[in-house]
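One-letter residues, chain by chain:
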Amino acid sequence: MSGSSQWTQKLSALQNKKEYAELHWEGSFDDYLELVRKNPRVTRTAYQRVYDMILSHGRSEYIDNKKKLTRYHFFSDERHGGADAVFGLDVPLMKLVNVFKAAAHGYGAEKRVILLHGPVGSSKSTIARLLKRGLEEYSRTPDGAVYTYQWVFDEKVTLPDGSTLQGRIKSPLNEEPLKLIPTELRKQFIAELQPGDGSFTIPEFGELNPHCRFVFRQLAQKYDGDIGKVLSHIRVQRMVFSEKDRVGIGTFQPKDEKNQDSTELTGDVNYRKIAEYGSDSDPRAFNFDGEFNIANRGIVEFIEVLKLDVAFLYDLLGASQERKIKPKKFAQTDIDEVILGHTNEPEYNRLQSNELMEAFRDRYEELARSARSRKENEGLEDTDTPDA
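Calculation criteria
Each chain has its residues counted from 1, running along the sequence as written. With the structure being a predicted model, the display of local features is reserved for residues of pLDDT at least 70 and the display and counting of side-chain atom pairs for 80 or more, all residues being used for whole-chain, interface and lining totals. Excluded from the side-chain calculations are hydrogens and water; all other atoms, namely the structure's heavy atoms, are used. Note on definitions: salt bridges are taken to be side-chain nitrogens of Lys or Arg within 4 Å of carboxyl oxygens of Asp or Glu. Secondary structure elements are defined from DSSP: runs of H or I of at least 4 residues count as helices, runs of E of at least 2 residues count as strands, and each element is numbered from the N terminus. Accessibility here uses a 1.4 Å probe with only protein chains present; expressed as a share of the type maximum, an area under 20% marks a residue as buried, one over 50% as exposed, and anything in between as partly exposed. Residue types Ala, Val, Leu, Ile, Met, Phe, Trp, Tyr and Cys, when buried and joined through side-chain atoms within 4.5 Å, form a set referred to as a nonpolar core. Any pair of residues with heavy atoms lying within 4.5 Å of one another is described as a contacting pair. In this description, a line fitted to the C-alpha atoms serves as the axis of each element, helices being fitted only across the stretch in contact, and the angle between N-to-C directions of two axes falls anywhere from 0 to 180 degrees. With respect to orientation, any angle under 35 degrees is reported as roughly parallel, any angle over 145 as roughly antiparallel, any angle of 65 to 115 as roughly perpendicular, and every other angle as oblique. Two helices that cross are described as forming a left-handed crossing if the nearer one is turned anticlockwise from the farther one by less than a right angle, and a right-handed crossing if clockwise. Points on a 1 Å grid, built from protein atoms alone, make a cavity when a 1.4 Å probe fits but cannot get out and make a pocket when they are open with protein on both sides within 12 Å along at least 5 of 7 lines; residues with an atom within 4 Å of a point are the lining residues. Grid points are joined across faces, edges and corners, and a volume is the space filled by probe spheres set on the points. Residues are sorted three ways: Asp, Glu, Lys and Arg are charged, Ala, Val, Leu, Ile, Met, Phe, Trp, Tyr, Cys and Pro are nonpolar, and all the rest, Gly among them, are polar.

*Asks:* What is the right way to look at the pattern of salt bridges in this model?
*Replies:* Two side chains carrying opposite charge are able to pair once their charged atoms lie near each other. One pass over the full model with this rule turns up 22 salt bridges. Glu26 serves as the salt-bridge partner of Arg168, at 3.0 Å between the closest nitrogen and oxygen. Placement of the pair is Arg168 in strand S6 (residues 164-170) and Glu26 in strand S1 (residues 26-28), with a sequence separation of 142 residues. Taking relative accessible area as the criterion, Arg168 reaches 45% and is therefore assigned partly exposed. The class for Glu26 is partly exposed, based on a relative accessible area of 29%.

*Asks:* I'm lost on the nonpolar core in this one. Help?
*Replies:* The nonpolar side chains of a soluble globular protein tend to be buried, and buried together. Residues Ile54, Phe75, Phe100, Ile114, Ile127 and Leu131 are the most contacted members of the largest nonpolar core, which totals 38 residues. Put simply, the parts of the chain that give this core at least two residues each are helix H4 (46-55), strand S3 (67-72), helix H5 (90-104), strand S4 (113-118), helix H6 (124-138) and strand S14 (338-344). Per-element accounting of this core gives the leading share, 9 residues, to H5. The residues touching Ile54, leaving out its near neighbours within four places in the chain, are Tyr72, Phe74, Phe75, Val97, Phe100 and Leu131.

*Asks:* Please clarify how the packing of H4 against H5 should be interpreted in this entry.
*Replies:* The geometry of a pair of packed helices is captured by two quantities: the angle between their axes and the separation between those axes. Relative orientation of the contacting elements H4 and H5 amounts to 135°, with a least axis distance of 8 Å. Put simply, H4 runs oblique to H5. With respect to the hand of their crossing, H4 and H5 are arranged in left-handed fashion. Residues Tyr47, Gln48, Val50, Tyr51 and Ile54 of H4 touch H5, and the partners they reach there are Val97, Phe100, Lys101, Ala103 and Ala104.

*Asks:* Honestly, the layout of surface pockets in this entry has me stumped. Any pointers?
*Replies:* Sizing a probe to match a water molecule and rolling it over the atoms shows the empty space that remains. Considering only enclosed or pocket space, the largest pocket measures out at about 540 Å³ in volume. Lining the largest pocket are 26 residues, and of these Thr45, Pro203, Glu204, Arg323 and Asp336 sit closest to its centre. Counting residues per element, the ones that place at least two in the lining of the largest pocket are H4 and H5. Taken together, the residues of the lining of the largest pocket break down into 6 nonpolar, 7 polar and 13 charged. Lining the second largest pocket we find 21 residues, and of these Lys170, Ser171, Pro172, Phe286 and Phe288 sit closest to its centre. For the lining of the second largest pocket, the secondary structure elements donating two or more residues are S6 and strand S10 (286-287). Counting residues per element, the lining of the second largest pocket draws most heavily on S6, which supplies 3 residues. Among the residues forming the lining of the second largest pocket, the class breakdown is 10 nonpolar, 5 polar and 6 charged.

Structure, rendered in structure tokens:
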């Protein structure tokens, strides 16, 4: 046996094969329905998942100036040795968690943009980074499991419009598999999956994205409306959030006004595929790869959100208020994600005095940051970046 193969075997022995198998689980649509029946919480909304993620780290209460405060251990960043720990912000962080709680219960906060603002070095970016990284790690745990689906065609299938399908087609927005149940049947069917004790209510998910709706409609026509045959092409997979892989975690940073393009948020036409499909309004010729698209089911961060062009802010308002985005040449598409923005004080003050921004002022949850970071709290020099 060569020395190189010995090292390879040692490396392989370090791998947790059980965890790998769990994170790459794949099954039929029926398999997923059985998972939902046993644990309906796998269908949670983005806000419910973030709220549960924060609570999973525990919390403690203490008295400060005769007021009872709650310290959420998630923001202590204990799993990473406190590298991004946030101190002195317990009151604003309590308000932030309360926003997540209200949104998780559907009280209306889920239809607003969460805006963090404060002076330089007040941990705005750090909080956003904690939430994104925490959601990535939570999605790798059994409690944080998330599932999506793919269309699978082992053999070439000819559709009624003459086009063909073969191979695997991912849901471009990593959507909840229950969206595949037709809306006219969904309420009655999901009622059978609901837990009898009323401990959790499976949420409403909206409509399929344009691409999957097209495939579903074509297959239904091919199979004379037999939904069972349509869903036989579905494979449900576990998904793991990853900012680097652009799965469930999005980040948008504004550029100069001349280079800003709303397609960075909602996707754009793939002009090379127009010749193949014959139209730029065919959803198969569209790249659903904007930040809103890839962050579906998770969280999208807007860095220096108030530096966005006004046209972008209206996209932001639609995404938050209606929970929908408008890809070019397609109808509004349902999304489910936490929208988090942060900005420094000068931009925030301009927002307050700008009459043209009244619509935006009415649709954000304001959370001010005024305390210092952990390093300042310990009497050390603060080395946070300007947008921290």
